[in-house]
Amino acid sequence: MKLTGAEIFIECLKREGVKTLFALPGGVVLKIFDTLHQQKDIEVILTRHEQGAGHMAEGYAKATGKAGVCLVTSGPGMTNVITALADAYMDSVPLVCFSGQVPTSLIGNDAFQEADNIGLSRPCTKYNFLVKDVNDLAATIKEAFYIATTGRPGPVLVDIPKDVSMAKAEFTYPNSVSIRGYNPTYEGNKWQIKQAAEAIMKAKKPILYVGGGVGFSGASQELLELAEMTQIPVDMTLMGLGVFPGEHPLSMGMLGMHGTYEANMAMHYSDLVIAVGARFDDRVTGKVSEFCPYAKVIHVDIDPTSIRKNINVDIPIVGDCKTVLRELNQILRATVNGEQKDLRKPWWDQIREWQQAHPLVYHQEQDGPIKPQQVVKRLYELTKDRDPIVSTDVGQHQMWAAQYFKLGKPNRWLTSGGLGTMGFGFPAAMGAQAAFRNRLVLCIAGDGSIQMNMQEMATAVVSKLPVKIIILNNGFHGMVRQWQDLFYEGRYASSNLGTTPDFVKLAEAYGAVGLRVKKVGDLDAILKEALATDKPVIVDVPTYPYENCYPMIPAGGCNHEMLLEDPPELKKKQVGSEKVTPEDKDTVLTA
Amino acid sequence: MEHIISVTVENKFGVLSRVAGLFSGRGFNIESLSVAPTLDPSMSQMTIVTSGDERIIEQIVKQLNKLIDVIKVVDLNETEFVSRETAIIKVHTKDADRAEALRIVDIFRANVIDSTPSTYTIEVSGDPKKIEAIINLLQPLGIKDLVRTGRVAVAREPVRPVAAQAKKVARD
Ligand SMILES: Cc1cc2nc3c(=O)[nH]c(=O)nc-3n(C[C@H](O)[C@H](O)[C@H](O)COP(=O)(O)OP(=O)(O)OC[C@H]3O[C@@H](n4cnc5c(N)ncnc54)[C@H](O)[C@@H]3O)c2cc1C
Ligand SMILES: Cc1ncc(C[n+]2csc(CCOP(=O)(O)OP(=O)(O)O)c2C)c(N)n1
Ligand SMILES: [Mg+2]
């Protein structure tokens, strides 16, 4: 029997196991929406902006490990979703985005709402397709899902002209895909893995540097085995948080620009860096020429371009983390003995010393302004038994969340690392909530970032996605203000956000619940109230505006040279300055 | 250092822009790029002349390999290869100059492929040095038009694509 392009689209999605589609309609995709409207297998979540749809699909993908799917219209629908595609590309998120296109006969004519979707998305997708013939649609969709989810995952765009969604074709879904130019390597080179095992046996100061790739590969178990067997400390990247239990004694927490003191010191003084599914981003390496000066480097990555892109590697292993670690563990199991423990005792003594010398610190006074770290810490303690999924926006609050919210498992951490997209957090949390209706999903947001996709509160209310948003409201683009304080003599060029909007009233206006924490003593009670609510909630927490995030390696700085607290001139300046005090802020907000 | 990279790609819509976009987006150099179908009509052959240090060339090769429409990448500098470029040069020629032009054509084993009362159109093939040389000699006569194909190249012996070689290098 022949099906229309729109019907084929839906049949393909069903075969790919898609349950949820994040979408916003428009002229050229009306046929697809009309067909979707007449079926029940796939839930359509109508977002209020296409960027929201894209980030929701990302959140869905990160939480489930499957491809997230979104559908947008031509022209402005497409340009609106670009930020989410670019975000997914940088963070290797498997995404399949369908865009509408003007009818094939009009392509290139500057037709109404025409945009060159293929050209626009080329640099921010893993691959993209324009489907010119309905007979190619099913095979194209199959390839799109295959490319998005295999190898190094990433976003794929499928551009469907209006006439293709309306034309009919015989429907057959291919069983398999074979693309001659695309054959990701999963098996690591055996000889190289053996070299790695030998280096690990010999190392006196080894460190595991693990990232998002471990999560994509589902290799947490193998990583745990490796670390425990060899007693090697584990540094996680921002994207790797959760792939190794944050509370584990071997965990050093996050490394990099705002990483812990011990994580960065251990990297710097290590004699063997074992990088697994991490890409030596500049937020981690700092000054490349002085990065890990004493170490040999092993690098396991499925994407050959990640290897030797930024730094030299001694033992490169192209392959999938899980497959490679299994093989590595197998070799090590036969060789590891008590000797390594003795060999590494001085290393561990040194690490424990670093940990004690400079743990993460902040000072919360009993009746002083609320410190942002305190909010994250209490949120963590109050929710950890519920195994929550946590999203963040971008800024200081993101870094505090990374430092204080210790995740136990992978697929619980939704954050924008590579692109650093403000406005990512809330829609991403909604995407995860759509995948797991009964789980607790938290969004730790900044007062600046949340306003970049605030409109999705309407979606959250209508589609019943009871995300709990906790806004660390410092009245600033806090991360920008921190840099201005440290590097621009405290000139706050366009970083002061003022005290509007009233987030409580805003939540209420949308039909959600709004709560505010007025003093630190109320924090627990209000958080508990929010957690007990079955609707979307905003908890507005006015926090101390001038808190800075430490440790900090200034951009281009060296990993063992961290700023650990405000420099003296800054401390002096903050006392008695004419800036808005938290009390003023609270008055305005509650007025 | 200059490298000649031979890239076998899918012969389909948009592939050239993916390759060109890769070079411009990542700030890699393209000195010349030529593309044409192969014996198998489903594939095209690109010859890209680029330059950069070892690290950059390695990234270029890896990034090209990563493109889904790229089937095979060979860095010809890793083997022995032969390369050619063709130029078509239209020179202004009057009276005595015409004889001089023909003499130069002869020396370089070039061909006159068109002639009008005031011009010769000359075709010359060779390595870039030879082409530079003939251009230099023809310049005093007055070059009206010059087009060059960019280089095409082929390895002298069959070679393995770079991905396989990279592993070998890593093992050493
Ligand atoms: C304000 C701000 C501050 C930041 N500060 C920090 C910081 O202090 N510390 C920090 O670490 N980051 C920080 N970041 C994030 C940083 O920019 C990078 O996004 C991050 O470091 C990259 O993480 P990753 O190396 O784990 O790579 P990812 O982006 O997660 O990439 C994953 C890597 O694994 C590979 N891979 C994928 N799948 C597999 C598989 N199956 N098998 C093997 N390999 C695979 C990929 O090819 C890729 O190389 C910050 C970001 C922002 C916005
Ligand atoms: C879309 C976008 N625009 C600009 C930036 C640059 N930027 C990075 S952090 C930041 C401030 C974020 O403010 P807020 O959300 O309030 O977080 P805070 O740092 O105050 O916790 C800005 C403007 C960005 N990352 N993303
Ligand atoms: Mg802020």
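Residues numbered from 1 in each chain as written. Chains lettered and ligands numbered in written order. Predicted model: local features only at pLDDT ≥ 70, side-chain atom pairs only at ≥ 80, totals over all residues. Heavy atoms only, no water.

## Points about the overall build of chain A
Using the following cut-off: In this description a helix means any DSSP run of H or I spanning at least four residues, a strand means any run of E spanning at least two, and both kinds are numbered starting from the N terminus. We compute the radius of gyration over the C-alpha atoms and compare it with the globule rule, which gives 2.2 Å times the number of residues raised to the power 0.38. Relative accessibility decides the category of a residue: with a 1.4 Å probe and only protein chains considered, values under 20% of the type maximum give buried, values over 50% give exposed, and everything between is partly exposed. The contact criterion used is simple: two residues touch if any of their non-hydrogen atoms lie within 4.5 Å. Here the open area of atoms and residues is found with the Shrake-Rupley method and a 1.4 Å probe, where only the protein chains shown may cover a residue. The convention is simple: Lys and Arg are positive, Asp and Glu are negative, and His and the chain ends are not counted. A charged residue contributes its charge at one atom only: NZ of Lys, CZ of Arg, CG of Asp or CD of Glu.
Scanning chain A from terminus to terminus reveals 24 helices and 20 strands. For chain A, whose C-alpha radius of gyration is 25 Å, the value lies close to the compact-globule estimate of 25 Å for 591 residues. When the 591 residues of chain A are sorted by exposure, 61% land in the buried category. Long-range pairs, those at least 24 residues apart, make up 76% of the contacts in chain A between residues at least 6 apart in sequence. Accessible area for chain A stands at about 22700 Å²; split by element, carbon and sulfur atoms hold 52% of it. Within chain A, the 66 negative side-chain charges are centred at a point lying 3 Å from the centre of the 60 positive side-chain charges.

## Examining the packing of helix α10 (residues 220–230) of chain A against helix α13 (residues 321–335) of chain A
Residues and elements named next belong to chain A. Heads up, the condition is: Interaxial angle, 0 to 180 degrees, is taken between N-to-C directions of lines fitted to C-alpha atoms, where a helix line uses only the stretch in contact. When an angle is under 35 degrees it counts as roughly parallel; over 145 it counts as roughly antiparallel; between 65 and 115 it counts as roughly perpendicular; any other value is oblique. Note: crossing handedness is left-handed where the near helix turns anticlockwise from the far helix by less than a right angle, and right-handed where it turns clockwise. Charged residues are taken to be Asp, Glu, Lys and Arg, nonpolar residues to be Ala, Val, Leu, Ile, Met, Phe, Trp, Tyr, Cys and Pro, and polar residues to be all remaining types, Gly included.
Running from amino to carboxyl end, α10 crosses α13 at an angle of 30 degrees, the nearest separation of the two axes being 9 Å. Relative to α13, the element α10 is oriented roughly parallel. The element α10 and its partner α13 pack so that their crossing is left-handed. Side by side, α10 and α13 meet where Glu-222, Leu-223, Glu-225, Leu-226, Met-229 and Thr-230 of the first sit next to Lys-322, Leu-325, Arg-326, Leu-328, Asn-329, Leu-332 and Arg-333 of the second. Its residues assigned to classes, the contact of α10 with α13 shows six nonpolar, two polar and five charged.

## Focus: the environment of Met-562 of chain A
Inspection of the secondary structure assignment puts Met-562 of chain A in the loop between β20 (537–542) and α23 (568–574). Along the primary structure Met-562 of chain A and Thr-260 of chain A are separated by 302 residues, whereas in three dimensions their C-alpha atoms are 9.5 Å apart.

## Let's talk about the sheet that holds strand β19 (residues 513–516) of chain A
All names here are of chain A. Spelled out, the test is: Only strands joined by at least two bridges in the DSSP assignment are considered to pair.
Spatially, β16-β15-β17-β18-β20-β19 is the arrangement adopted by the six strands of the open sheet, whose pairing is parallel. Two strands bound the open sheet, and with one partner strand each, they are β16 (413–414) and β19. Here four bridges tie strand β15 (residues 389–392) to strand β17 (residues 441–446), and the two strands are oriented parallel to one another. Across the sheet, residue Ile-389 finds its bridge partner in β17, namely Val-441. Across the face of the sheet, helix α21 (residues 503–510) comes into contact with β18 (468–473), β19 and β20 while running at roughly 170 degrees to β19.

## Overview of the site of ligand 2
Residue and element names in this part refer to chain A. In plain terms, the rule: Whether a residue is near a molecule or strand depends on its heavy atoms: if one lies within 4 Å, it is near. Any pair of nitrogen or oxygen atoms within 3.5 Å is treated as a polar contact; in protein, a donor-acceptor pairing is required on top of that, and neighbouring residues in sequence qualify only through side-chain atoms on both sides.
Lining the immediate environment of ligand 2, one finds 17 residues, of which Gln-396, Gly-420, Asp-447, Ser-449 and Gly-478 sit closest. One of the backbone nitrogen or oxygen atoms of Gly-420 is found 2.8 Å away from a nitrogen atom of ligand 2. One of the side-chain N or O atoms of Ser-449 is found 2.6 Å from an oxygen atom in ligand 2. Burial of ligand 2 by the protein amounts to 75% of the accessible area it has alone, namely 590 Å². Elements represented by at least two residues in the shell around ligand 2 include exactly α17 (396–404) and α20 (478–487).

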